[in-house]
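Here is how the chains run, residue by residue.
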Amino acid sequence: MLEARMKVWRGDKNGGAFKEYKVPVETGMVVLDAMHYIQREIEPDLAVRWNCKAAKCGSCSAEVNGRPSLMCKTRMEGFAQQGQEIMVEPIQAFPIIKDLVTDVSWNYEVNKRIQPFTPKPDADWIIYQEDIERVQEFRKCIECFLCQDVCHVIRDSNRKDAFIGPRFMVRVASLEMHPLDTGDRLKFLKERGGAGYCNITKCCTEVCPEDIHITDNAIIPLKERIVDEYYDPIARFFKHVFVKK
Amino acid sequence: MSNYETREHDVLVVGAGGAGLRAAIEAASKGLRVALVCKSLLGKAHTVMAEGGIAAAMATVDSRDGWQTHFRDTMIGGKYLNNWRMAQLHAQEAPECVTELERWGAVFDRTHDGKILQRAFGGHTYKRLCHVGDRTGLELIRTLQDKGVHSGIDVYMECTISKLLKDEDRIAGAFGYFREDGRYILFRAKAVVLATGGVGKAFLVTSNSWEYTADGHALAYDAGADLIDMEFVQFHPTGMVAPTGVRGILVTEAVRGEGGILRNSLGERFMWKYLPEALKNDYAADEAEAKLWVEDTLSGKLRTDHRRPPELSTRDNVARAIYQEVKAGRGSPSGGVFLDISYQPADRVKKKLPSMYHQFKDLADVDITKVPMEVGPTMHYIMGGIRVDADTAESRVPGLFAAGECSGGMHGANRLGGNSLSDLIVFGRRAGRGAATYASNLGTLPRISDAEVNDAIDELEAPLKRSEGPNPYHVQKKMYEITGECFSIFREEGDLTKGLRLMEELKEEIKRVRGPGGKAYNPGWHLCRDLRNLAIAAEAIGRSALSRRESRGAHSRLDYTETDEKLGHENTSIFRGPDGSMHLEKTPLPEMPAELKEILKKKEVAHA
C-alpha cells in the first residue's frame, strides 16, 4: 500500500515543531483522514478541529504544503504518488491553541459589530430570484476563515484592529445588497471596518473553497459605494436631492 | 480538588444547531439570561449539512397544500407511531417559522412570482420544501446565528456538557469542560434545554459528524428522563459509497426531488418493484408518466398533474430497496446502486445541486453532469429520543426540556425528508418558550451539591489518570462492528441478542479506557467520555429493536417481516432503573382526537 510521509506541526502557544508520521494511503483519502489515522493509531491527543468532513462547515482549515486549505477536501494521492512530503500546519493568521487548532474568536467579535439585517417595515416580501443571486453567492460562505488567513492586512501586518477582513466584507455585502434591507453600513465600513486597507490583491478569492468572487463581487462594489457616498460630490448631490431617505 | 468556574443563567441551552439556537433566541426574547453551549464553534453544528430543504405547507407552489395534508403525510411516513400532537403542531406552525426566518434575513430560492420556492421530496404529497439550492441547512444556521448574536445570549463555544445536575427531582444546572484547555465550568440554571442532535457516531457508515455522540440522549437518561422509539434509526438511502474515505457522506434527496433516477447494474429502474401496494397509486405508473413529472419540474411549472417518480418513495423504503438490490448481486462496482441526474442539462444540475456537483468532483473525481453517481444506505438520523410534552417540550424531569433530533415522538417510525429542519424551528421555539415560562415561575436558582460536582470531575478525570487502558478509538471501532452487524438496517433476534451481549463486554471496556496526554484540546480524552454516551444509545437501540417484534418504518425485522396492527398503539420506552441498569417498558400512544382521525382517513384533504 502507498504510504505518505507527513509532517504535522505539534505544539501550543509557547512553541512547537513539525513531527513526522507515516500514514498508509487509501483511494480517495483526504488529509483530514490522515489526521484521524494519526489520532487513532499513533497519538490520540493530536488536536484537529473538524465537523462535517464534507466541505460544508468550514472547521478543518489548515495549511497543507503552504496552501491554505480545507483538510477534508485536500486529496492525499497526488502528493503521495509523487513521493512528496505532506506538511500540515495551522493557519497562520490566528493565535495557536494547540497543534492544528487556532483561536479564531476575533472573527466572532467582528461579526457582532455589523449592523444586523434591517428589513423595510412595510415590505411585501415579494422578492425575485434575479435580485438575490448575488446575495445568495455571499451566503454560501462557510466561515472557514481561509480568506482571513491569506489577507495581507490580517496575516502580514496583523492589523485586526483596523480591518474586518474579506469574510466580513462579504457579510456586509450580503446585507447591503439584500433588496429589502434598509441598513446603512458604509460609514462603519469606511471607519471602523477599514475597507480602505484592502488593496485588492485577490488572494482571498483564490483560496475560497466556495468559489465566492470575494474581491470582484463584494469588496470592489462596496469600495465603490463608499466612494460614491463620501468622495463623489456629484453622486452625493443627486443622492440627496432625488433619493428619499 | 480541581477548580471550576461558575456561571448563573435562567435558561441553559445545550447545543447550537437549529433547535438550540432557535430555543435560545426565544428564551432571550422573554428577557431571561440565556446561555448557549456548543461543542464546536458557533455555526458549525450538524444542521449545516442539511441540504434538501425545510418542509412547510406554505402552498406557494401548489395551492392544494395545507397543514392537514402535511400532518397526514407525516403520520403516514411515521407509520402512525408519531405523537399526533407534535405532528399537528409541526404541520401548523412550520409555515410561520419559515416566514420568521425570512424576516430575519434568510434568502430562499424564489418562484417566478417572487414567493418562496418549494421542491418535491419523498413522502410529501405536494411540493413543500423551502430551500436554497442544496445548502438549506447552512442558510438556516447562519440566519439564526446572526439573529442570536444580537439577542443578548451568552455563547460558550467548544464546551462539552458531561452531566446534568439536580436539586431533589428538579433540574439545577449542568457541568462540563472547555475543549480548548480542559478547564471546568458549572452552569447554574433554572431550566435546561437539550438540543444536542443525534447518535450517528455509534455507527461506522454514517452521514453524521463527530459531534453526534448521543450526549443529550445520555444526559437525559442519566437525569431520569425516558427515551422513546429508540429502535427507529433512519438509514438514508443515498450516501456516497466510493472512494472508501468518503463512504457515508450524504447525497441529498434533492437529487431525486429534481428527477434523479435509481438503476441497478442491469440498468433496471428498480424502485417500482418496491413500492408498497397500498401507496402505488400515489406514484407514476411507468417511465412515461415519471418523465412527464420531471419535464414539468424542469420547466418550472408550479403544479403538475402527473404523479411523482417511484424514487420519491419514503426513505426507509428506498434504503431497503437499495440494500436488497445489492444483496441480490445487482449492485454497482463499489457496492451501491446508480443514481443518475446526468440526463438533465449540465447547467441546471450545477444550479440546483451545486454542492453535490462539487462534492463528487472534489472527493470522487466524478462529474455528476456526465455520469451516474454510486450510492448506498448510510446511517442518517434517529427518530427516537427524549420523551417530551408536545406543547412545552418538557421531559418528565421538571425543568429539563428537549428539542430537535435528541427528542422523540415527532417522527414516529420514520422521518420524512425536510421534516427535520422544520422540527428544529417549530420545537426549538416551543422549547425556548416552555423553558422560559418554567424559569420565570421558579423563584430562585435551585441548589447544587458540592458532592455531585466533585463526582462529575472525578468521572471526567479518570481516563486521564489511568496509566494503562484500551485506546478509545479502538473501542469505538469495536462498537462500530457491533452496531453494523447487529443493530443495522435489517435485524433479527439472534443478532440483536448477540449485539446486546457484546455491548455488555464493551461497556466494561469503556470503563477502563485511557486518554493519554494533557487536558488541553485532547480529542482522545474527549472520546473517552463520548463513548459512554454512545454506549447508552447503542444499548437502547438494541433493546428497543429486540422488543419490537414486527417490521414498521425504519425498523425491519427479518424474523417478523409484517407490520402488526396491535403494536402500532405502543411506544417503546427506555429508562434507567433504580439499580442503574437499563429498563424497558411499553407505553400506550396518546389517543388521537376524532377530527385528526378524519384527516387521516380522507384521500384528498380540502384546505380552507
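Residues numbered from 1 in each chain as written. Chains lettered and ligands numbered in written order. Predicted model: local features only at pLDDT ≥ 70, side-chain atom pairs only at ≥ 80, totals over all residues.

### Focus on the domain arrangement of chain A
Residue and element names in this part refer to chain A.
- Splitting chain A by domain gives domain 1 (3-102) and domain 2 (105-242).
- Just the C-alpha atoms count here: the centres of domain 1 and domain 2 sit 31 Å apart.
- Opposite the 11 residues of domain 1 that make contact, domain 2 presents 12 residues.
- Partitioning the side of domain 1 that touches domain 2 into residue classes produces six nonpolar, three polar and two charged. (Domains from an automatic or database assignment. Contact = placed C-beta atoms within 7 Å. Nonpolar A, V, L, I, M, F, W, Y, C, P; charged D, E, K, R; others polar.)

### Here we look at the packing of helix 5 (residues 215-223) of chain B against helix 15 (residues 523-547) of chain B
All names here are of chain B.
- Two elements in contact, helix 5 and helix 15, have axes whose closest approach is 8 Å; the angle formed by their N-to-C orientations is 80°. It follows that helix 5 is roughly perpendicular to helix 15 by the angle criterion. When helix 5 is examined against helix 15, the residues Asp215, His217, Ala218 and Tyr221 are found in contact with a partner set consisting of Arg532, Asn533, Ile536 and Ala537.
- Of the residues in the contact of helix 5 with helix 15, the class split is four nonpolar, two polar and two charged. (Axes fitted to C-alpha atoms, helices over the stretch in contact; angles between N-to-C directions. Helix = DSSP H or I, 4+ residues; strand = E, 2+ residues; numbered from the N terminus. Parallel < 35°, antiparallel > 145°, perpendicular 65-115°, else oblique.)

### Looking at the confidence of the model for chain B
- Model confidence for chain B is summarised by a mean pLDDT of 95, while 99% of its residues fall at 70 or above.
- Both confidence scores are given for the complex: pTM 0.94, ipTM 0.94. (pLDDT = per-residue confidence, 0-100.)

### Observations concerning the interface of chain B and chain A
- Opposite the 49 residues of chain B that make contact, chain A presents 45 residues.
- Of all the secondary-structure elements, those providing two or more residues to the side of chain B that touches chain A are helix 3 (84-103), helix 4 (136-148), helix 10 (354-364), helix 13 (472-486) and helix 15 of chain B.
- Per element, the largest residue contribution to the side of chain B that touches chain A is five residues, and it comes from helix 10 of chain B.
- A per-class count over the side of chain B that touches chain A returns 22 nonpolar, 15 polar and 12 charged.

### With respect to the sheet that holds strand 14 (residues 373-382) of chain B
Residues and elements named next belong to chain B.
- Read across the sheet, four strands follow the order 11-14-13-12 without closing on themselves; strand pairing throughout is antiparallel. With partners counted over all chains shown, the strands left at the sheet margins are strand 11 (233-240) and strand 12 (261-263), one partner each. Direction aside, the axes of adjacent strands within the sheet are offset by 45° on average.
- Looking at chain direction, strand 13 (residues 337-340) and strand 14 are connected through three bridges and run antiparallel. Of the residues in strand 14, the one forming a bridge with Val337 is Val375. (Pairing = 2+ DSSP bridges.)

### Points about the domain arrangement of chain B
Residues and elements named next belong to chain B.
- Once the domains are mapped, chain B shows domain 1 (236-379) and domain 2 (461-570).
- The C-alpha-based centres of domain 1 and domain 2 are spaced at 31 Å.
- In this complex, domain 1 contributes five residues to the contact, which on the side of domain 2 involves four residues.
- At four residues, helix 8 (residues 315-327) tops the list of elements feeding residues into the side of domain 1 that touches domain 2.
- Looking at the side of domain 1 that touches domain 2 residue by residue, the class counts come to three nonpolar, no polar and two charged.

### Regarding the sheet that holds strand 21 (residues 582-588) of chain B
Residue and element names in this part refer to chain B.
- Read across the open sheet, the five strands follow the order 17-15-10-20-21; overall the sheet is mixed. Pairing within the sheet leaves two strands with one partner each, and these edge strands are strand 17 (407-408) and strand 21.
- Across two bridges, strand 15 (residues 385-387) lies against strand 17 in parallel orientation. When the sheet's bridge partners are listed, Ile386 is paired in strand 17 with Ser407.
- Against the sheet, helix 15 engages strand 10 (227-228), strand 20 (570-576) and strand 21, with an angle of about 50° to strand 21.

### Thoughts on unusual backbone geometry
Residues and elements named next belong to chain B.
- The amide bond that connects Ala242 to the next residue, Pro243, takes the cis arrangement and shows omega of -10°.
- Along the chain, Pro243 turns up in the loop between strand 11 and helix 6 (254-257).
- Its identity is not glycine, yet Tyr80 carries a phi of approximately 65°, on the positive side.
- Secondary-structure assignment places Tyr80 in the loop between helix 2 (67-77) and helix 3.
- A positive phi angle, near 45°, is found at Glu158, a position not held by glycine.
- Secondary-structure assignment places Glu158 in the loop between strand 6 (154-156) and strand 7 (159-167).
- Taking the number of C-beta atoms within 10 Å as the measure of exposure, Glu158 has 21 and is therefore buried. (Buried ≥ 20, exposed ≤ 12 C-beta atoms within 10 Å, placed from the backbone.)

### Overview of the nonpolar core
All names here are of chain B.
- Counting 261 residues, the largest nonpolar core has Val11, Val13, Val192, Val193, Phe401, Ala402 and Ala435 as the members making the most contacts within it.
- Examining the composition of this core, we find that 13 residues originate from one element, helix 15, more than from any other.
- If sequence neighbours within four positions are ignored, Val11 has contacts with Ala27, Leu32, Val34, Ala189, Lys190, Ala191, Val193, Ala435, Ala436 and Ala439. (Core = buried A, V, L, I, M, F, W, Y, C linked by C-beta atoms within 7 Å.)

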